[in-house]
Amino acid sequence: MSGSCASQLVNQIENMKLEDIRTIWKKRYGRPPTLQSLPIMRMMLAWRLQSEELGGLDEQTKRALAKTGMPQAEGKHLGDGARLTRKWKGRDVEVIVEEGGFRWEGELYPSLSAAATAIAGSRWNGPRFFGLRAQS
């Protein structure tokens, strides 16, 4: 793909539907991510196209990112044994931070959001649910 063609495609992404983005991704890169977020998919495709045209990350940045390791689930910084509590629909809820995730009512969840979703019965951002993030 020539640089100008990539630039033109990047300019068109803002008006594309999720299915269009997935089609382009599949043709160019193989199986597209399973994300359902249109804004995130637009950003990801634009970054991939721009990195093709402009060369992507430099070696110094790649090395720095490699040193950071895997990201830690938000809430893990509180340390094993930390207890997160809140009142939900009239009952006290408590989640305990453990090495392998977040425990609620005997079940271990890989993320605080997974635990919050189980508690609430609908999708929730775990750090926000437990007051670790400011409401926006």
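Above this text you will find the structure in question.
Residue positions within a chain follow its written sequence, with the count starting from 1. In view of the model being predicted, local features appear only for residues whose pLDDT reaches at least 70, and side-chain atom pairs are presented and counted only at 80 or more, with totals across whole chains, interfaces and linings using the full set of residues. Hydrogens and water are ignored here; the side-chain numbers use all heavy atoms of the structure.

### What to know about the sheet that holds strand 2 (residues 91-98)
Thinking step 1. Spatial ordering of the open sheet is given by 1-2-3-4, a layout of 4 strands whose pairing is antiparallel. Strands at the two margins of the open sheet, each flanked by one partner only, are strand 1 (83-88) and strand 4 (107-109). For this sheet, the mean inter-axis angle between neighbouring strands, taken without regard to orientation, is 30 degrees.
Thinking step 2. Sheet topology note: the strand 3 (residues 101-104)/strand 4 ladder contains 3 bridges and is antiparallel. Counterpart to Phe-102 in the pairing with strand 4 is Tyr-109. Pairing between strands requires that DSSP locate at least two bridges from one strand to the other. Numbering of helices and strands runs from the N terminus; a helix is a DSSP stretch of H or I covering at least four residues, while a strand is a stretch of E covering at least two. Lines fitted to the C-alpha atoms define the axes, with helices restricted to the stretch that makes contact. Angles between their N-to-C directions range from 0 to 180 degrees.

### Description of the packing of aromatic side chains
Thinking step 1. Within 6.5 Å between ring centres, the rings of Phe, Tyr and Trp (the latter by its six-membered ring) count as paired, and their orientation is classed by plane angle as stacked under 30 degrees, edge-to-face over 60, tilted in between. As enumerated under the stated definition, the model contains 5 aromatic pairs in all.
Thinking step 2. Each ring, one from Phe-129 and one from Phe-130, has its centre 5.0 Å from the other, and the planes form 75 degrees; the classification is edge-to-face. Assigned by exposure class, Phe-129 and Phe-130 land together as buried.
Thinking step 3. Here the aromatic cluster, defined as three or more aromatic residues joined through ring pairs, consists of Trp-88, Trp-124, Phe-129 and Phe-130.
Thinking step 4. Distance and angle both matter: a charge sits over a ring if NZ of Lys or CZ of Arg is within 6 Å of the ring centre and within 35 degrees of the ring normal. One Lys or Arg, Arg-48, reaches over the ring of Tyr-29 and ends 3.9 Å from the middle of that ring. Relative accessibility under 20% of the residue-type maximum defines a buried residue, over 50% an exposed one, and the middle range a partly exposed one, all with a 1.4 Å probe and only protein chains included.

### A closer look at the nonpolar core
One recurring pattern in soluble globular proteins: nonpolar side chains tend to sit buried together.
Thinking step 1. Working definition of a nonpolar core: buried Ala, Val, Leu, Ile, Met, Phe, Trp, Tyr and Cys residues. They are joined through side-chain atoms within 4.5 Å. Counting 16 residues, the largest nonpolar core has Val-95, Ile-119, Phe-129 and Phe-130 as the members making the most contacts within it.
Thinking step 2. Only strand 1, strand 2, strand 3 and helix 5 (112-120) provide two or more residues apiece to this core.
Thinking step 3. No other element matches helix 5, which puts 5 residues into this core.
Thinking step 4. When sequence neighbours within four positions are dropped, the list of residues in contact with Val-95 reads Ala-82, Arg-83, Leu-84, Phe-102, Arg-103, Trp-104, Leu-112, Ala-115, Ile-119 and Phe-130. Whether two residues are in contact is decided by their heavy atoms, any of which lying within 4.5 Å being enough.

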